[in-house]
Amino acid sequence: MNAPATLHRVCPLCRRDNRREPVYAAYSPPDWALKRCPDCGFVYLERIPDYAATAETLAWDHTFLAWHAARDRAPAQRLLSRLGRGIRIGTHLVRRRRRMDEMIAALAAPGPVLDVGCGKGSQLAKLPPQYVPYGIEISPGQAEVAQRMVASRGGAIMVKPGATALRECPAGFFTGIMMRSYLEHESQPRAALEGAAHALAPGGVLIIKVPNFASANRRVFGRRWCGFRFPDHMNYFTPATLTRLCAASGLAVREFSWLDRLPTSDNMWLVAQRA
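Report on the accompanying structure. Position labels on residues start from 1 in each chain and follow its written sequence. The predicted nature of this model means local features are confined to residues of pLDDT at least 70 and side-chain atom pairs, given and counted, to a pLDDT of 80 or more, with totals for whole chains, interfaces and linings taken over all residues. In computing side-chain values, all of the structure's heavy atoms are included and hydrogens and water are not.

Some points on the packing of helix 7 (residues 189–199) against helix 9 (residues 239–248)
The axes used here are C-alpha line fits, helices contributing only the stretch in contact, and every angle between their N-to-C directions lies in the interval 0 to 180 degrees. Comment: elements are numbered from the N terminus, with helices defined as DSSP H or I runs of at least four residues and strands as E runs of at least two. The N-to-C vectors of helix 7 and helix 9 enclose an angle of 55°; their axes lie 9 Å apart at closest approach. On the basis of their axis angle, the class for helix 7 and helix 9 is oblique. Crossing of helix 7 against helix 9: the hand is right-handed. Taken together, the residues of helix 9 that come into contact with helix 7 (itself represented by Pro189, Arg190, Leu193 and Glu194) are Leu245, Cys246 and Ala248. When residue character is reported, Ala, Val, Leu, Ile, Met, Phe, Trp, Tyr, Cys and Pro are called nonpolar, Asp, Glu, Lys and Arg charged, and the others, Gly included, polar. Looking at the contact of helix 7 with helix 9 residue by residue, the class counts come to 5 nonpolar, no polar and 2 charged. Roughly parallel covers angles under 35 degrees, roughly antiparallel covers those over 145, roughly perpendicular covers 65 to 115, and oblique covers all other angles. Crossing handedness: left-handed means the near helix sits turned counterclockwise from the far one by under a right angle, and right-handed means the same turn made clockwise. The contact criterion used throughout is that any non-hydrogen atoms of two residues lie within 4.5 Å.

With respect to the nonpolar core
Nonpolar side chains tend toward joint burial in soluble globular proteins. As used in this record, nonpolar core signifies buried Ala, Val, Leu, Ile, Met, Phe, Trp, Tyr and Cys residues forming a set joined through side-chain atoms within 4.5 Å. Think of it in three bands: residues with accessible area under 20% of the maximum for their type are buried, residues over 50% are exposed, and the middle band is partly exposed, with areas taken using a 1.4 Å probe on protein chains only. Judged by nonpolar contacts, the single largest core of 38 residues is most densely connected at Ile177, Met179, Leu183, Leu193, Leu206 and Ile208. Counting only elements with at least two residues in this core, the list comes to strand 5 (111–116), strand 6 (131–136), helix 6 (162–168), strand 8 (174–180), helix 7, strand 9 (200–211), helix 9 and strand 12 (267–274). Per-element tally for this core: the top contributor is helix 7, with 6 residues. Within the second largest apolar cluster, 19 residues are counted, among which are Ile104, Leu127, Val205 and Ile207.

Here we look at the sheet that holds strand 7 (residues 156–158)
With respect to topology, 7 strands assemble into an open sheet ordered 7-6-5-8-9-12-11, the strand pairing being mixed. Taken across any chain shown, the strands that pair with only one partner, and hence form the sheet edges, are strand 7 and strand 11 (251–255). Averaged over all neighbouring strand pairs, the angle between strand axes comes to 25°, with direction disregarded. Only when DSSP finds a minimum of two bridges between them are two strands counted as paired. Note that strand 9 and strand 12 share 6 bridges and pair antiparallel. Each bridged residue has a counterpart across the sheet, and for Leu206 the counterpart in strand 12 is Ala272. The strands touched by helix 7 within the sheet are strand 8, strand 9, strand 11 and strand 12, with strand 9 carrying the most contacts at an inclination of about 150°.

Notes on the sheet that holds strand 3 (residues 43–45)
Overall, antiparallel pairing links the 3 strands, which are arranged 2-3-10 in an open sheet. Of all strands in the sheet, those bounded by a partner on one side alone are strand 2 (34–36) and strand 10 (235–236). Strand direction decides the pairing type here: strand 3 and strand 10, joined by 2 bridges, are antiparallel. By the bridge assignment for strand 10, Tyr44 is matched with Asn235.

Points about the packing of aromatic side chains
Only Phe, Tyr and Trp rings take part, Trp by its six-membered ring, and two of them pair if their centres are within 6.5 Å. Stacked means planes under 30 degrees apart, edge-to-face means over 60, and tilted covers everything else. Scanning all chains against the criterion turns up 16 aromatic pairs. Ring centres of Phe213 and Trp225 lie 6.4 Å apart, and the angle between their planes is 70°; on these two criteria the pair is classed as edge-to-face. With Phe213 in the loop between strand 9 and helix 8 (216–221) and Trp225 in the loop between helix 8 and strand 10, this residue pair connects regions lying 12 residues apart in the sequence. Centre to centre, the rings of Phe213 and Tyr236 are 6.1 Å apart; their planes meet at 65°, and the pair counts as edge-to-face. With Phe213 in the loop between strand 9 and helix 8 and Tyr236 in strand 10, the pair connects residues that are 23 residues apart, well separated along the chain. Here the two residues Phe213 and Tyr236 agree in accessibility, since each one is buried. The rings of Tyr24, Tyr27, Phe213, Trp225, Phe228, Phe230 and Tyr236 are connected pair by pair, giving a single aromatic cluster. Above the ring of Phe213, the side-chain terminus of Arg218 is found at 3.9 Å from the ring centroid. Remark: a charge is flagged as sitting over a ring if the NZ atom of Lys or the CZ atom of Arg is within 6 Å of the ring centre and within 35 degrees of the ring normal. The ring centre of Phe256 lies 4.6 Å from the NZ or CZ of Arg261, which sits over that ring.

Structure (structure tokens):
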């Protein structure tokens, strides 16, 4: 199989061109170079696949299954996975596992709610009846499944890249936007958040869940950390760079306590609203 065509990226946060900067060698695999921007500290994949040309071979639902299969075949990785699972169980004793539908019900006014990267619509199906489910999904097959579910509730699914679709949404339309395990996959995370700020109603909330590159688990597991998935995960956020990206995109942080970014958790949660 031929190697996928790739595209160069500047820093997604401050837009500095880091092509002359050294590779973040401690975590970069041979085929994919991570860069740490010397100006803002953002860690990102510098060259990304041209998904328009390789949509079938690099679709998320295919690569996710392949990634899990490869992890399950490696004895050392199985041991680390069990250790990581134990750490996550301990973390959940401190902070109960969070659910998007519960957070939307607690924070967003009744009305239209958008799930960016909605897949087959499993999160949208859990929304209480006072919310009208909308989604954005780049995979036509998954979007078709989601569309059948949301149509009965007056919603719709947009089949486009996330950042593009968000810019095209009506201004101030959504009372809530969900980005669960999406932003790390987005080639234009700043544009996506700018689009979310545009599409949010006054008082509306954006809920973000992403892997936490600053977690202690990443330091313990090194290259075997579960947050690394190349080339699917293009952006590696810390609490500092995630909050800076929100501010640069016209969003104000509403909730982001230490419980939302525990050092023993692989993930972090942030709630934002229009600045």
